[in-house]
Amino acid sequence: MIRRLGTGLVVLWAAATASYVALLLAPGDTVDILVGDGPDTPEIRARIVAEWGLDRPEIVQYLSYLWRLLHGDLGRSYQAQRGVGEILAGQVGPTAQLTLAAAGTGVLLAGVIALATAGRGRWARGVASAAELVAVSVPPFLIGIVLLSVFSFTLGWFPVSGAQGPRALVLPALALGLPIAGVLGQVLRGGLEHALEQPFAVTARARGLTERALVARHALRHALIPAVTLAGWFTGTLLGGAVITEILFGRPGLGQVAMQAVTGRDMPVVMAVVLLSAVVYVAISTLLDLAYRAIDPRIRT
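Residues numbered from 1 in each chain as written. Predicted model: local features only at pLDDT ≥ 70, side-chain atom pairs only at ≥ 80, totals over all residues. Heavy atoms only, no water.

Notes on the overall build of the chain
Argument step 1. Helix and strand counts for the chain come out as 13 helices and zero strands.
Argument step 2. Counting all 301 residues of the chain, 38% fall into the buried class.
Argument step 3. Long-range contacts, defined here as pairs at least 24 residues apart, represent 73% of the contacts in the chain between residues at least 6 apart. (Helix = DSSP H or I, 4+ residues; strand = E, 2+ residues; numbered from the N terminus. Buried < 20%, exposed > 50% of the residue type's maximum accessible area, 1.4 Å probe, protein only. Contact = heavy atoms within 4.5 Å.)

With respect to the nonpolar core
Argument step 1. Ranked by size, the top nonpolar core spans 29 residues in total, and within it L176, L184, L192, F234 and L238 carry the most contacts.
Argument step 2. Taken together, the elements giving at least two residues each to this core come down to α5 (84–117), α8 (167–195), α9 (199–206), α10 (211–229), α11 (231–248) and α13 (267–295).
Argument step 3. The element that contributes the greatest number of residues to this core is α8, accounting for eight residues.
Argument step 4. Apart from the residues lying within four places of it in its own chain, the contact partners of L176 are L98, A102, T237, L238, G241, A242 and T245.
Argument step 5. Residues A15, L66, M267 and L275 belong to the second largest nonpolar core, which totals 24 residues. (Core = buried A, V, L, I, M, F, W, Y, C linked by side-chain atoms within 4.5 Å.)

A look at the UniProt feature "transmembrane region" (unreviewed entry) in the chain
Argument step 1. UniProt tags residues 98–118, 130–157, 169–188, 224–249 and 269–292 as "transmembrane region" (unreviewed entry).
Argument step 2. For the annotated span residues 98–118, helix accounts for 95% and strand for 0% of the residues, and the straight-line distance between the end C-alpha atoms is 30 Å.
Argument step 3. Taken end to end, residues 169–188 has its terminal C-alpha atoms 26 Å apart, with 100% of it in helix and 0% in strand. (UniProt positions renumbered as here; feature names shortened; annotations may be inferred.)

Some details on the packing of aromatic side chains
Argument step 1. A full pass over the atoms with the stated rule returns two aromatic pairs.
Argument step 2. Plain terms: the ring middles of F151 and W157 are 5.8 Å apart, the flat faces sit at 40° to each other, and that makes the pair tilted.
Argument step 3. Using a relative accessible area of 25% as the deciding quantity, one classes F151 as partly exposed.
Argument step 4. Arranged with centres 6.4 Å apart and planes meeting at 70°, the rings of F151 and F158 form a pair that is edge-to-face.
Argument step 5. Aromatic ring contacts, followed pair by pair, group F151, W157 and F158 into a single cluster. (Phe/Tyr/Trp six-rings, centres within 6.5 Å; stacked < 30°, edge-to-face > 60°.)

Some thoughts on the side chain of E246
Argument step 1. By the secondary structure assignment, E246 is in helix α11.
Argument step 2. One buried charged residue, E246, remains without a salt bridge, the closest side chain of opposite sign being R251 at 5.6 Å.
Argument step 3. There is a polar contact of 2.7 Å between the side chain of E246 and the side chain of T95.
Argument step 4. Excluding its chain neighbours within four sequence positions, the residues that come into contact with E246 are P94, T95, L98, R251, P252, G253, L254, G255 and Q256. (Lys, Arg positive; Asp, Glu negative; His and termini not counted. Salt bridge = Lys/Arg side-chain N within 4 Å of Asp/Glu carboxyl O. Polar contact = N/O pair within 3.5 Å; in protein donor to acceptor, adjacent residues only side chain to side chain.)

A look at a nonpolar patch on the surface
Argument step 1. There is a patch of nonpolar side chains on the surface, built from F141, L142, I145, V146, V150, L155, W157 and I244 and spanning about 710 Å² of accessible area.
Argument step 2. The element contributing the most residues to the nonpolar patch is helix α7 (residues 140–154), with five residues.
Argument step 3. Residue placement: V150 occurs in helix α7. (Patch = residues over 30% accessible without salt bridge, like charges linked within 9 Å, V, L, I, M, F, W, Y side chains within 5 Å. Areas by Shrake-Rupley, 256 points an atom, 1.4 Å probe, with all protein chains shown as cover.)

Re helix α12 (residues 254–263)
Argument step 1. Among the residues of α12, L254, G255, V257, A258 and A261 are the ones counted as buried. All buried residues of α12 lie within an arc of 160° about the axis, which places them on one face of the element.
Argument step 2. Following α12 by one or two positions, R265 adopts a phi angle in the positive range, close to 55°. (Arc of directions from axis to C-beta.)

Re the packing of α7 against α8
Working note: a packed helix pair is described by the angle between its axes plus the distance between those axes.
Argument step 1. Contact geometry for α7 and α8: axes closest at 9 Å, N-to-C directions at 140°. On the basis of the axis angle, α7 is oblique to α8. Crossing of α7 against α8: the hand is right-handed. Along its contact with α7, which presents P140, I143, G144, L147, L148, F151 and S152, the element α8 presents L171, L174, A175, L178 and P179. (Axes fitted to C-alpha atoms, helices over the stretch in contact; angles between N-to-C directions. Parallel < 35°, antiparallel > 145°, perpendicular 65-115°, else oblique. Left-handed = near helix turned anticlockwise from the far one by under 90°.)

Following this line, the structure appears as C-alpha cells:
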C-alpha cells in the first residue's frame, strides 16, 4: 500500500506538471486572455502582471503552483474571476451522479447478459456477442442521439435536456453505460466459461452442486478478477465520455465547465479538471488493489 500510494503521488505530480506545461505552451498571451473585452491600457496590463505574478521566472511560477496545490489552492479562473475550487465544487455533483449511474448501468447489464449466456448454446452467445460488439463500436454521443430521437423526440418518455429528476438521468446513463456493458460483458462471460471448465468445477458437479450454485459460489469469483481490472479503464471512459454526454443532453457538470474553459482558454480551470481526473483515477486504482485481495484470497499470500 505504501508503494501504491507513492506511485499515486507520482501520477498526480505528473498530471499537475503536464497541465502546467500545457498552460505555458498554449497559444496566445495570458495577459490578453485576462484583459478580455475590457479596457486595455498599459497600466491595467502592468497591474495584471503584478497580481498574477507573471513577471517572475517560469520555474518560480511552477514551484509556486505546486506549493499552492499542496495547500489545496487550485488558483483563480481567468474568465469567472473566482476560485477554481469553488467552480468545480458547484459542478462535481451532477457529474458524479451521471458517472455512478452509468457505471451501475454498465455493470448491471454486463452481469445479467454474462450470467444468462455463459455456457449456453451457440445461438444465445452469438446474439449476445453481436449486441456487445455494437455497443462497443458505436460512440457514446451517437448512442445518445439515437436514444434522444426515439425516447425523447418520438415517444416523449424522457426529457430532452436538463438534470431535473431521475427521468432526466436515464438516457445519459444508458448512452455512457452501454459501451462499458459491451466490453465488460465479453470479459465476464469469457471468465465464467473458463472457470466452469476448471477441475474445481468438475469436483463441485460431482458432489451434486447445481449449475446455478456453482456459478454463484465459485465461478463468479474467479471471473471477477479480469472484470475488476477493467474498472481502471472505466474511469477514463466515464470521465472522458461525461464531457460529450453532458453537452449532448444539456446537463450541468464538469463536462460543461471543461468545454467552456477550453474554448475560452481558461487554463487554470482546465488544469484543475485534469488534476481532479488524475485524483479519481489514482483513488479507484488503489481501491482495486484492495478489491483483488478480497475477491481472491490467494493474492493475500
